[in-house]
Amino acid sequence: MEEAKGLALAIGLVIAEAVPIAIREPRPGTLFGEGQIQNIITQCNLHEAELVIVDGALSAVQQRNLEDKLKRKVIDRTGLILEIFGERAATAEGRLQVELAHLDYQQGRLVRSWTHLERQRGGFGFLGGPGETQIEADRRMIRDRMARIRRELEQVRRTRGLHRDRREKAPWPVLALVGYTNAGKSTLFNRLTGASVMAQDLLFATLDPTMRAIRLPGIEKAIMSDTVGFISDLPTQLVAAFRATLEEVTAADIVIHVRDIANPDTAAQKEQVLSVLEDLGLLEEGTRAPSVPMIEVWNKWDLLSAEQAAHLWHAAREAAHDDEVVVPLSAVTGEGCEELLETANRLLTGDAREHRFTIPVHDGARIAWLYAHGEVLADEEAGGDEPARVMSVKLTPKEFGRFVRL
């Protein structure tokens, strides 16, 4: 219920009343029974409510019938989340993704949205038949628009792929922040990078992915990516539409899973995030073993009492697997952020191996690259007619692959 209210508040609605309703047997026409509908009407009249939000999925028929009976606008959870996304999308790509999801959602609801759909348009000349009905024309227009948006999004996906390829050639590791909506990802992002991404106590404050450079101990430069937050029962239209954005996560060297550890539902939220990561292929099905290093950040640690924190930490240590990495911190106060950066650095350089290279002196770019992105253990002049340097450098497998491609 609190999450449903948070979604309504996120779009600036004033909540007159929030009521849980037990549904023993869903009615195909209205979802609720007649008595429950009468109770809703009474509550709406009492609080002068103009909009009814059902925190669940409504079919087009149920939505239309409820509007007829309640004499008020009715939207379901999917419609509400789409409204939030539509208001928040700032970039051209974000707007395209939201519009695609909106159209996908709307095409099954045309019968509710229009009053003139039964009219027909005649053909031209004497031989013109009855023509297509208005609803067929509108559906065709929606299909055409969706096809056009999908083509544009495919272009966006290709462009993102080119950007990722360029980052692959560049030596900088990528750290992606993921987590449930309102877990504090953007606040942590701002704290670590010095950026000014919108960070508010709102569901879905961030929609468009943002990237900034950060410094890690022992690593000259890394890239941190802030992504859209996940939520339970995320509309399938949105998951499909935001695939291009979420692909940024799949290219990360480290995934940082930010949890609101002070939230009573933090365990359920973690499950939801892991399910999305599994869908993206970042976790192996069944075992849920991560395919890339993952750090679990317990954010809002400062909101816990000393007793709560000690109990939680002890319980987590008891249940933890060997490969789990947990860092408690507060993005607001900055406590624990240094430990997070050191942990990320350790994961990035933990599998580094020593390599020996002989590089001509005139190839200054490759020598400088090794100094910038590896740990140079030795650098000596090589004997022979051609001036060269013999360098022993510690590189991770990924850095070694990048160096070979230079």
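Described below are features of the structure shown in this document. (Residues numbered from 1 in each chain as written. Predicted model: local features only at pLDDT ≥ 70, side-chain atom pairs only at ≥ 80, totals over all residues. Heavy atoms only, no water.)

A few words on the overall build of the chain. Along the backbone of the chain there are 15 helices and 11 strands. For the chain, with 406 residues in total, the buried portion stands at 46%. In the chain, the share of contacts with a sequence separation of at least 24, taken over all contacts with a separation of at least 6, comes to 65%. Accessible surface, the chain as shown: approximately 21600 Å² in total, 51% of it carbon and sulfur. (Helix = DSSP H or I, 4+ residues; strand = E, 2+ residues; numbered from the N terminus. Buried < 20%, exposed > 50% of the residue type's maximum accessible area, 1.4 Å probe, protein only. Contact = heavy atoms within 4.5 Å. Areas by Shrake-Rupley, 256 points an atom, 1.4 Å probe, with all protein chains shown as cover.)

It is worth spelling out the packing of helix α2 (residues 34–47) against helix α3 (residues 60–70) at this point. What describes two packed helices is the angle between their axes and the distance between those same axes. Between α2 and α3, the shortest axis-to-axis distance is 10 Å and the interhelical angle comes to 55 degrees. On the basis of the axis angle, α2 is oblique to α3. For the crossing formed where α2 meets α3, the hand is right-handed. Seen from α2, the contacting residues are Glu34, Ile37, Ile40 and Ile41; seen from α3, they are Leu66, Lys69 and Leu70. A per-class count over the contact of α2 with α3 returns five nonpolar, no polar and two charged. (Axes fitted to C-alpha atoms, helices over the stretch in contact; angles between N-to-C directions. Parallel < 35°, antiparallel > 145°, perpendicular 65-115°, else oblique. Left-handed = near helix turned anticlockwise from the far one by under 90°. Nonpolar A, V, L, I, M, F, W, Y, C, P; charged D, E, K, R; others polar.)

With that settled, the discussion passes to the side chain of aspartate 253. On the secondary structure map, aspartate 253 appears in the loop between α10 (243–250) and β6 (254–260). Polar contacts involving the side chain of aspartate 253 include one to the main-chain amide nitrogen of valine 174, which spans 2.6 Å. (Polar contact = N/O pair within 3.5 Å; in protein donor to acceptor, adjacent residues only side chain to side chain.)

Bringing unusual backbone geometry into the picture now. Backbone geometry at leucine 31 places phi at a positive 70 degrees, although glycine is not the residue there. Structurally, the position occupied by leucine 31 is in the loop between α1 (2–10) and α2. Of note in the backbone geometry, asparagine 182 takes a positive phi value of approximately 70 degrees without being a glycine. For asparagine 182, the position within the fold is in the loop between β3 (174–179) and α8 (185–193).

Tallied over the full model, the rule gives 12 salt bridges. Put simply, lysine 270 and glutamate 296 hold a salt bridge, and the shortest N to O gap is 3.2 Å. Pair noted here: lysine 270 is in helix α11 (residues 266–279) and glutamate 296 is in strand β7 (residues 294–299), with a separation of 26 residues, a long-range link. One exposure class covers both lysine 270 and glutamate 296, and it is buried. Residue aspartate 363 is joined to arginine 366 by a salt bridge in which the shortest nitrogen-to-oxygen separation is 3.8 Å. Accessibility expressed as a relative area gives 24% for arginine 366, which makes it partly exposed. Linked through salt bridges whose partners overlap, the residues forming this network are Glu3, Asp55 and Arg77. (Salt bridge = Lys/Arg side-chain N within 4 Å of Asp/Glu carboxyl O.)

Strand order in the open sheet formed by three strands is β9-β11-β10, and the pairing between neighbours is antiparallel. One side of each edge strand has no neighbouring strand; the edge strands of this open sheet are β9 (353–360) and β10 (375–382). Looking at each pair of strands side by side, their axes are set apart by 20 degrees on average, direction ignored. Looking at chain direction, β10 and strand β11 (residues 388–395) are connected through seven bridges and run antiparallel. Bridge pairing links glutamate 381 to arginine 389 in β11. Against the sheet, helix α14 (residues 364–373) makes contact with β9, β10 and β11, and its axis sits at roughly 30 degrees relative to β11, the strand it touches most. This element, helix α15 (residues 397–405), spans β9 and β11 of the sheet and lies at about 15 degrees to β9. (Pairing = 2+ DSSP bridges.)

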